[in-house]
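Coordinate inspection notes
In case you want the letters, here they are:
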Amino acid sequence: MVLDYRFEALKKWLAGILNANYEIRPASADASFRRYFRVTMHDRTHIVMDAPPEKEDIRPYLEIAARLHALGLNVPEILQYDLQQGFVLISDLGKRLYLRHLNEITADRMYEDALRALVTLQAGIFQDSAFLPEYDRVLLRREMELFREWYLSKHLGLNLTEKQHAVLDDIFDGLARSALAQPQVWVHRDYHSRNLMLTELNNPGILDFQDAVRGPITYDLVSLLRDCYIDWPQNRIEDWIEQYRTLAMRCGLPVGEDAGLFLQWFDRMGVQRHLKAIGIFARLNHRDGKAGYLNDIPRTLSYVLNVSRHRADLLPLFTLLRQLKIPEAMI
């Protein structure tokens, strides 16, 4: 049995700051190098984050948590931290993950809460936002390259021709231009059903916000409504988009008067995000041994195919995926 030195160090750190007997059990893992444990003391629980300093910098998490808390959002409270070791003790938002509680009956109420919280988060742009990096062209392109490198090449073993590479390059450039043309707001960057908690007060609880940026206004909206982990009929998605636009306009967010243009932004932003996500899911399997994420590729790829077959500027992407005989594209 291999000794987990970080876990032993974590327990020693907790013993020093809690001064009480406690139990510790795994709480969750995510698609990074971070680990989370639930710490129980009598009738109280906390969450402790283990973020190896050589892999994860906890300072953005601490900074953004404070900023989001100041907006009135329900994010974990920072109780203690150790920058050198990469440990953070935070309040526990519970075990009721949005994904497990979303269904035909609960969805409208739960998404209404999530949309209200999203508008509050985005409105942070009206404050000092210099602490957030920009979601620039370099980052947008780097994310989409994950699709080419890890899904097409590594996972499927495909060798694209120069012409096929050129098609991808044109698509990636167009999607980046569309994203950069949108009004820029605070972006959580992973605002979906696995990072939202159903809470009794100030629903939802919001997790995993350390990669926040200043970026396109539709990014978090498409993350939420075209979620890689749960899907909804298009008519419901469009109803929720309109609900969001009404809330956003009331708060002065620059969503514009043209609902059709906004939907174009939403569709293109979704393709950018979903290409990235497919690449990440493939990388999690091949690099990190997390094969479970492969199960989420078909749904995520279906979003790309459904949008690209109906948008003239994205039709070359749909055609390319069929040429490559990707199974989901052949249906």
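Calculation notes
Residues numbered from 1 in each chain as written. Predicted model: local features only at pLDDT ≥ 70, side-chain atom pairs only at ≥ 80, totals over all residues. Heavy atoms only, no water. Salt bridge = Lys/Arg side-chain N within 4 Å of Asp/Glu carboxyl O. Helix = DSSP H or I, 4+ residues; strand = E, 2+ residues; numbered from the N terminus. Buried < 20%, exposed > 50% of the residue type's maximum accessible area, 1.4 Å probe, protein only. Phe/Tyr/Trp six-rings, centres within 6.5 Å; stacked < 30°, edge-to-face > 60°. Lys NZ or Arg CZ within 6 Å of the ring centre and 35° of its normal. Axes fitted to C-alpha atoms, helices over the stretch in contact; angles between N-to-C directions. Left-handed = near helix turned anticlockwise from the far one by under 90°. Contact = heavy atoms within 4.5 Å. Nonpolar A, V, L, I, M, F, W, Y, C, P; charged D, E, K, R; others polar. Parallel < 35°, antiparallel > 145°, perpendicular 65-115°, else oblique.

1. Structural notes on the pattern of salt bridges
Under the definition given, this model contains 33 salt bridges. Across the pair Arg96 and Glu200 runs a salt bridge whose closest N-O atoms are separated by 3.0 Å. Taken as a pair, Arg96 in the loop between strand E5 (87-91) and helix H3 (98-101) and Glu200 in the loop between strand E7 (196-197) and strand E8 (205-206) lie far apart in primary sequence, 104 residues in all. According to the relative accessible area criterion, Arg96 is partly exposed, its value standing at 31%. One salt bridge connects Arg273 with Asp190, and the closest N-O pair in it is separated by 3.1 Å. Note that Arg273 is positioned in helix H9 (residues 259-286) and Asp190 in the loop between strand E6 (184-187) and E7, a separation of 83 residues in sequence. Each of Arg137, Arg141, Glu145, Arg148, Asp169 and Asp173 takes part in a single network of salt bridges with overlapping partners.

2. Some points on unusual backbone geometry
The peptide bond linking Asn203 to Pro204 adopts the cis configuration, its omega dihedral lying at 0°. Tracing the sequence through the fold places Pro204 in the loop between E7 and E8. Of note, the phi angle at Asn202 is positive, near 50°, even though the residue is not glycine. Relative to the helices and strands, Asn202 resides in the loop between E7 and E8.

3. Here we look at the packing of aromatic side chains
Under the counting rule described, the total for this entry stands at 13 aromatic pairs. Above the face of the Phe33 ring, Lys55 is positioned so that its terminal group lies 4.9 Å from the ring centre. The ring of Phe131 has Arg67 lying over it, and the distance from NZ or CZ to the ring centre is 4.0 Å.

4. A look at the packing of helix H6 (residues 162-181) against helix H11 (residues 315-323)
Relative orientation of the contacting elements H6 and H11 amounts to 145°, with a least axis distance of 10 Å. When the axes of H6 and H11 are compared, the crossing they make is left-handed. Listed contacts from H11 to Gln164, Val167, Leu168 and Ile171 of H6 are Pro316, Leu317, Leu320 and Gln323. Considered class by class, the residues forming the contact of H6 with H11 number six nonpolar, two polar and no charged.

5. Some points on the environment of Arg309
Note on placement: Arg309 falls in the loop between helix H10 (297-308) and H11. By relative accessible area, which is 31% here, Arg309 ends up partly exposed. A C-alpha to C-alpha distance of 39 Å links Arg309 and Asn74, two positions 235 residues apart in sequence.

6. Some points on the side chain of Asp267
If you trace the backbone, Asp267 turns up in helix H9. Judged by relative accessible area, which is 8%, Asp267 ranks as buried. With near-sequence residues (within four places) excluded, Asp267 lies in contact with Arg226, Val307 and Arg311.

7. Let's talk about the packing of helix H8 (residues 234-250) against H9
Two elements in contact, H8 and H9, have axes whose closest approach is 12 Å; the angle formed by their N-to-C orientations is 115°. On the basis of the axis angle, H8 is roughly perpendicular to H9. You can see that H8 and H9 cross each other, and the crossing is right-handed. For the pair H8 and H9, the contacting residues are Ile237, Glu238, Ile241, Glu242, Tyr244 and Arg245 in the first and Ala259, Phe262, Leu263 and Phe266 in the second.

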